[in-house]
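Structural description and commentary
Residues per chain, in single letters:
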Amino acid sequence: MDTKIQIAQKGQAPDCLLCVKNSDLWDAYFKNNPTHESALEEMISKKQVYIATNKNDKCIGFMGVINNGCFDKFPYLATLAVRKRYRNKGIGEALVNKFETIGFEKADRVFILVSDFNKQAQKFYRNLGYKKVGNIPDLFKNGISENLWVKYRI
């Protein structure tokens, strides 16, 4: 698929949020939470959001990257989402590859949190070489544990 990954621009938060809809992540964290759009716009203003676009420049996926977001030292993939009709077509993997390119320029390891209920994401990251190294119960929401995953630069 002809995909371009670039820094998100002001005003693209609504397009990014459309990528999260129709997902377990949406149901657990985004649905009924009006603060996500403003939080995403803040990340965009800090140049922490990358979008994947198709040949028509439509946002089909995005990720939030915080360079020193894990332990104030290591790159952290804060969010990754792909529009439903584009899932399982390599968009997520392309975004993760971009994250790793950025992250491994700055550190010898990168981190992500994956919700315990999100088995598909756990499989996705495991297949990309990430390893689960910890569990944090009730981190963002009671009843949901977040698993800490790491990948080391080879």
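These notes cover the structure that comes with them. It should be emphasised that the depicted structure is a prediction, and the values quoted were computed from it without experimental measurement. Sequence positions are assigned chain by chain, starting from 1 and proceeding in written order. Local features in a predicted model are, by the rule used here, given only for residues with pLDDT of at least 70; side-chain atom pairs are given and counted only at 80 or more, and totals for whole chains, interfaces and linings are based on all residues. Remark: hydrogens and water are excluded; side-chain values derive from all non-hydrogen atoms of the structure.

The next thing to look at is the overall build of the protein. Here a helix means four or more residues in a row that DSSP labels H or I, a strand means two or more in a row labelled E, and each is numbered from the N terminus. What the protein contains, in helices and strands, is five helices and seven strands. The N-to-C order of helical and strand elements in the protein reads β-α-α-α-β-β-β-α-β-α-β-β. In this setup the radius of gyration rests on C-alpha atoms only. A globule is expected at 2.2 Å times the number of residues raised to 0.38. The C-alpha atoms of the protein give a radius of gyration of 15 Å, which matches the 15 Å a tight globule of 154 residues would have. Its C-alpha atoms give the protein principal-axis dimensions of roughly 40 × 35 × 30 Å. Exposure is judged per residue with a 1.4 Å probe applied to protein chains only, and the accessible area is read against the type maximum: over 50% gives exposed, under 20% gives buried, and values in between give partly exposed. Evaluated residue by residue, the protein yields a buried proportion of 46% over its 154 residues. Accessible surface, the protein: about 8,700 Å² in total, of which carbon and sulfur atoms supply 47%. Using the Shrake-Rupley algorithm and a 1.4 Å probe, accessible areas are obtained, with residue cover drawn only from the displayed protein chains.

A regular strand places its side chains so that they alternate between the two faces of the sheet. Burial analysis of strand 7 (residues 144–152) places eight of its nine residues in the buried class, which makes it a mostly covered element. Pairing between strands requires that DSSP locate at least two bridges from one strand to the other. As defined by bridge partners, strand 5 (residues 109–115) adjoins strand 7 across seven bridges and the pair is classed as antiparallel. By the bridge assignment, Val110 is partnered in strand 7 with Lys151. Taken together, strand 6 (residues 131–141) and the strand that follows it, strand 7, pair antiparallel across an intervening segment of two residues, in which Gly143 is found at a positive phi of about 90 degrees.

Right, let's talk about the pattern of salt bridges for a bit. Just to be clear on terms, a salt bridge is a Lys or Arg side-chain nitrogen sitting within 4 Å of an Asp or Glu carboxyl oxygen. Within this structure, the stated rule accounts for four salt bridges. Residue Glu42 pairs with Lys46 through a salt bridge whose shortest N-O separation is 3.2 Å. The shortest N-O distance in the salt bridge between Glu100 and Lys151 comes to 3.2 Å. Of this pair, Glu100 sits in helix 4 (residues 91–106) while Lys151 sits in strand 7, and the two are 51 residues apart along the sequence. When sorted by exposure, Glu100 lands in the same class as Lys151, which is buried.

To continue, consider the nonpolar core. Remark: nonpolar core denotes a set of buried residues (Ala, Val, Leu, Ile, Met, Phe, Trp, Tyr, Cys) joined through side-chain atoms within 4.5 Å. Counting 23 residues, the largest nonpolar core has Met63, Leu77, Tyr125 and Tyr130 as its most contacted members. Mapped onto this core, the elements with two or more residues apiece are strand 2 (49–53), strand 3 (59–70), strand 4 (74–82), helix 4, strand 5 and helix 5 (119–127). No other element matches helix 4, which puts six residues into this core. Any pair of residues with heavy atoms lying within 4.5 Å of one another is described as a contacting pair. In this structure Tyr130 touches Val96, Phe99, Glu100, Val110, Ile112, Tyr125, Trp149, Val150 and Lys151, once residues within four positions along its chain are discounted. Within the second largest apolar cluster, 20 residues are counted, among which are Cys16, Leu17, Trp26 and Ala28.

Running from N to C, helix 1 (residues 13–20) and helix 3 (residues 36–45) point in directions that differ by 120 degrees, and their axes come no closer than 9 Å. The orientation of helix 1 with respect to helix 3, classified from their angle, is oblique. In this structure, helix 1 crosses over helix 3, and the sense of that crossing is right-handed. In this structure, helix 1 contributes Ala13, Pro14, Cys16 and Leu17 to the contact, and helix 3 contributes His36, Glu37, Leu40, Glu41 and Ile44. Axis definition: a line fitted to C-alpha atoms, limited for helices to the stretch in contact. Angles are taken between N-to-C directions and run from 0 to 180 degrees. Roughly parallel covers angles under 35 degrees, roughly antiparallel covers those over 145, roughly perpendicular covers 65 to 115, and oblique covers all other angles. Each crossing gets its hand from how the near helix is turned against the far one by less than a right angle, where anticlockwise is left-handed and clockwise is right-handed.

To continue, consider the state of the cysteines. Pairs of cysteine sulfur atoms within 2.5 Å are identified as disulfides in what follows. All told, the structure shown has zero disulfides when counted by the stated rule. Its sulfur unpaired, Cys16 is 4.5 Å from the next cysteine sulfur, which belongs to Cys59. Residue Cys19 stays outside any disulfide, its sulfur separated by 3.9 Å from that of Cys59, the closest cysteine. The class for Cys19 is buried, based on a relative accessible area of 1%.

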